[in-house]
Structures are given as C-alpha cells and as structure tokens.
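Structural features, examined
One letter stands for each residue in the lines below.
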Amino acid sequence: MNLCDFAPEYIRAIQPYQPGKPISELAREFGLDESHIVKLASNENPLGTSPLALDAMMSALHDTALYPDGSGYELKSALSKRYDVDPGQIILGNGSNDVLDLAARVFLKPGAAAVYSQHAFAVYPLVVQMIGANGIAVPARDYGHDLPAMLDAITPETRIVFIASPNNPTGTLSSKEDLLRFMERVSRDVLVVMDEAYYEYLPEVNKPDSLKWLQQFPNLLITRTFSKVYGLAGVRVGFGLAHPDVANLMNRVRQPFNVSSIGLVGALTALKDAEFVQRSYALNRAGMLQLTDNFRKKGIDYIPSYGNFISFRVKGETANTLKVYQSLLRQGVIVRPLGIYEMPHHLRVTIGLEAQNQRFLESLDHALSGLD
Ligand SMILES: *Cc1c(COP(=O)(O)O)cnc(C)c1O
C-alpha cells in the first residue's frame, strides 16, 4: 500500500471539476493571440467589474499585509440592511461554492444523502462526494428540476436538497409557486439549499420571495454570489442566508479568513453600485435576444434561459457537438461542452457584449457549415 491508497475510496473516486478553458491555455494550444480570443465559457460578466468596486479594491491593495476581518463585519452589515436579515443569519464564503461546501460539511456524513436534479450544477455532487455521502440525482423534466419527484426521492438519510433556480447549465427556472409548495411539503429536518447565483438576472415578476421564506422555514439556506452580475468572480465572494442556528453551525466550520480583504471591499462596494447591476442586467437581456433570435432563424434548438448563458443543441450525433466546440476553439471562441452534465448534444454559451455575441454567431455559422 502506498500513502494515497489510504485515502478514502470516495475521495479517490472524485472526478475533478472541469472549469471553462482559460484564455491563456487556448492561446498556447492553438498559437492564437490572447487579445483575439473571446471567452464565453464561465458565465462571467462581460462588462467586467463595477468601476466603483475596482477603485475600492485598488486602494485596499495597500493593506494586504494585514489579515482580513474574519467576521466580515462591514459586508455583513451591508447585506443585513439590503436583505433585511440579522447579521447572525449570514454566512460569507470564498465564492458561493464555499457556502455549498460548508452546508455539506455541516449536515452530511458517510451514509447520509443529498438530493439534486439531473443536469444541475456540478458542484453539488462534488461537495456531497467529498464527505462520502450519497448523491441522489433525480431525472430532470424538460431539462428543469422535477420538484415533486425530488420530494419523493428524499430518504430518511437525506439531509440536504440542492435546488438551483435558475439552474446552470440549463437556465431553467422553478416557478415561485412550485418552490413554495416544495418548502411547505418538505420535512423540516432536511436543509433545502436554494442556489440563487443568477437571481439578479431575473425579471422582477419571476423573482421568488425567497428571503421572506427564511422567516417561515428554518431549514432554508439561500445562496447568492458576487461572481455573476457583480462581476467579481476572480476575487471569490458569495454568501448564504439561513436561520441563525444553521448559520451558526456553518460559521463554525468555515476557515477563519475564508474571504480575502480585497474580496470583502470589492463586494461591499459592488453592492452599492446599482447602476452597474442595472447595466449588466440590460446588456444580458439584449444579448439573450440577439442569440435566441439568431438561433430561431437558423433552426437551432435551445433551452430558454433565465441566466446569463444559454445552452443550445447541435443536430446529429454527439460527435458533431464536439466538432463544433473544437471549431469554435480554433476560431478563438470558448464555450462550454456539457458532456459531464449528461447533455452531450448541447453547448453552453455565456451572453457577452454585442460584438462578442456576433463573433460567436458568425463562428458558429462557420462551424456548422463544416459539418455538412
Ligand atoms: C456560478 C454559479 C455559482 C457561483 O459560484 P461562486 O463560487 O460564487 O463563483 C453558484 N451556483 C451556480 C449554479 C452557478 O452557476
């Protein structure tokens, strides 16, 4: 036996998360100029970062010799005011992925189980498997979560249900009514994680009153992030909102300085930049129309999306989908293949700036013409 053989079987079985291909990697592989590459693979904000947040982070660089405020006092105060929750209900994370991980570490153990949907965010199975707990993937319905089936899939061992709404990579949304019905019916000894990473991209009419539900359901954990509409994916800040008892347990297992000083300042400032959020929202709506109009004209099948990305289907065998992906790469456009999401016919593209979307659409035309 060597050392690594002593690592638990469930650790050795983990398939690493595959992120979108970085620009620098594509440039190296294909000998392309980095400035010519368009990355639409990780649902990042094409407008970049809020200029106010950028300035604040630049100033904060002077203090990087000091540890950050491990309690995140200022950011929590701002979030508490914004969302009308007690600071004791907030868990700050190194991205909301960190919050998902904390939930798994608090509520799961080997033998316990967690329920999530087929085609749901890849981090759920990952954090479940890291604990050695069992993941129960419930077949999707029209690519969306089948909430009644997820309810039925809950076993006595189940401690967490993950719901992504909108979901990534499908962009599907569970209706407010269905979500509320789910909360009313699910046992109070199961934590329901509502992953709302794309909440700010929802039109007002589609936004569920999930924050209000916190008062009613002590087993609800809402997760949000600064990575998407706030444009801070690189500095890693997300947060969870839950009953104080749940938040308290989660805060005990987090690393004392899990959010960096730059991240804290960036998030605090970005939260105040309503203009940037509004601009990002509007750009996304326009870009979504630009892509869906074009898909319809070309007869490309796509899954209507509520996020800042859209998944579309390449006709024919799955080999065609990979050919299109590769052709896009050669043309300097990075999108995301969805084989690991059990969607081998689909590619996911992030909504970019108008010119980036145009570049993607033209490259897609070229890629598809190469299939005939
Ligand atoms: C992008 C995304 C997140 C956010 O991840 P961070 O760790 O906050 O960057 C969370 N959930 C889903 C479904 C996502 O797509």
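Preceding block: the structure.
Residues numbered from 1 in each chain as written. Predicted model: local features only at pLDDT ≥ 70, side-chain atom pairs only at ≥ 80, totals over all residues. Heavy atoms only, no water.

A short note on the site of the ligand
Neighbouring the ligand are the residues Gly 95, Ser 96, Asn 97, Phe 121, Asn 168, Asp 195, Ala 197, Tyr 198, Thr 225, Ser 227, Lys 228 and Arg 236. Between an oxygen atom of the ligand and a side-chain N or O atom of Thr 225, the distance comes to 2.5 Å. Here an oxygen atom of the ligand and a side-chain polar atom of Lys 228 are 3.3 Å apart. Relative to its unbound accessible area of 390 Å², the ligand is 94% covered by the protein chains. Broken down by class, the residue content of the shell around the ligand amounts to three nonpolar, six polar and three charged. (Near = heavy atom within 4 Å. Polar contact = N/O pair within 3.5 Å; in protein donor to acceptor, adjacent residues only side chain to side chain. Areas by Shrake-Rupley, 256 points an atom, 1.4 Å probe, with all protein chains shown as cover. Nonpolar A, V, L, I, M, F, W, Y, C, P; charged D, E, K, R; others polar.)

Observations concerning the sheet that holds strand S3 (residues 113-117)
Taken in spatial order, the seven strands make up an open sheet running S2-S8-S7-S6-S5-S3-S4, and their pairing is mixed. Single-partner strands in this sheet number two, and they are strand S2 (90-93) and strand S4 (134-138). Each adjacent strand pair in this sheet contributes to an overall mean axis angle of 20°, direction not counted. Pairing between S3 and strand S5 (residues 158-164): three bridges, direction parallel. Bridge pairing links Ala 114 to Ile 160 in S5. Helix H8 (residues 176-185) rests against S5, strand S6 (191-195) and strand S7 (220-225) of the sheet, and its axis sits at about 160° to S6. Docked against the sheet, helix H10 (residues 244-253) engages S2, S6, S7 and strand S8 (238-242), running at close to 30° with respect to S2. (Pairing = 2+ DSSP bridges. Helix = DSSP H or I, 4+ residues; strand = E, 2+ residues; numbered from the N terminus. Axes fitted to C-alpha atoms, helices over the stretch in contact; angles between N-to-C directions. Contact = heavy atoms within 4.5 Å.)

Brief notes about unusual backbone geometry
Excluding glycine, residues mostly have negative phi values, and the peptide bonds linking residues are mostly trans. Here the amide bond leading from Ser 165 into Pro 166 is cis, since omega sits at -5°, within 30 degrees of zero. By the secondary structure assignment, Pro 166 is in the loop between S5 and H8. At the junction of Asn 168 and Pro 169, the peptide bond is cis and its omega measures out at 20° in the coordinates. Take Pro 169: it is sitting in the loop between S5 and H8. The phi torsion at Glu 342 lies on the positive side, around 60°, for a residue other than glycine. Looking at the secondary structure, you find Glu 342 in the loop between strand S12 (336-337) and strand S13 (346-350).

Observations regarding the packing of helix H4 (residues 73-83) against helix H11 (residues 261-272)
It is at 9 Å that the axes of H4 and H11 come closest, and there the two elements cross at 25°. Regarding the angle of H4 to H11, the classification is roughly parallel. Viewed along their axes, H4 and H11 form a crossing whose handedness is left-handed. Where H4 abuts H11, its residues Glu 74, Leu 75, Ala 78, Leu 79 and Arg 82 lie against Leu 264, Ala 267, Leu 268, Leu 271 and Lys 272. The class makeup of the residues in the contact of H4 with H11 is seven nonpolar, no polar and three charged. (Parallel < 35°, antiparallel > 145°, perpendicular 65-115°, else oblique. Left-handed = near helix turned anticlockwise from the far one by under 90°.)

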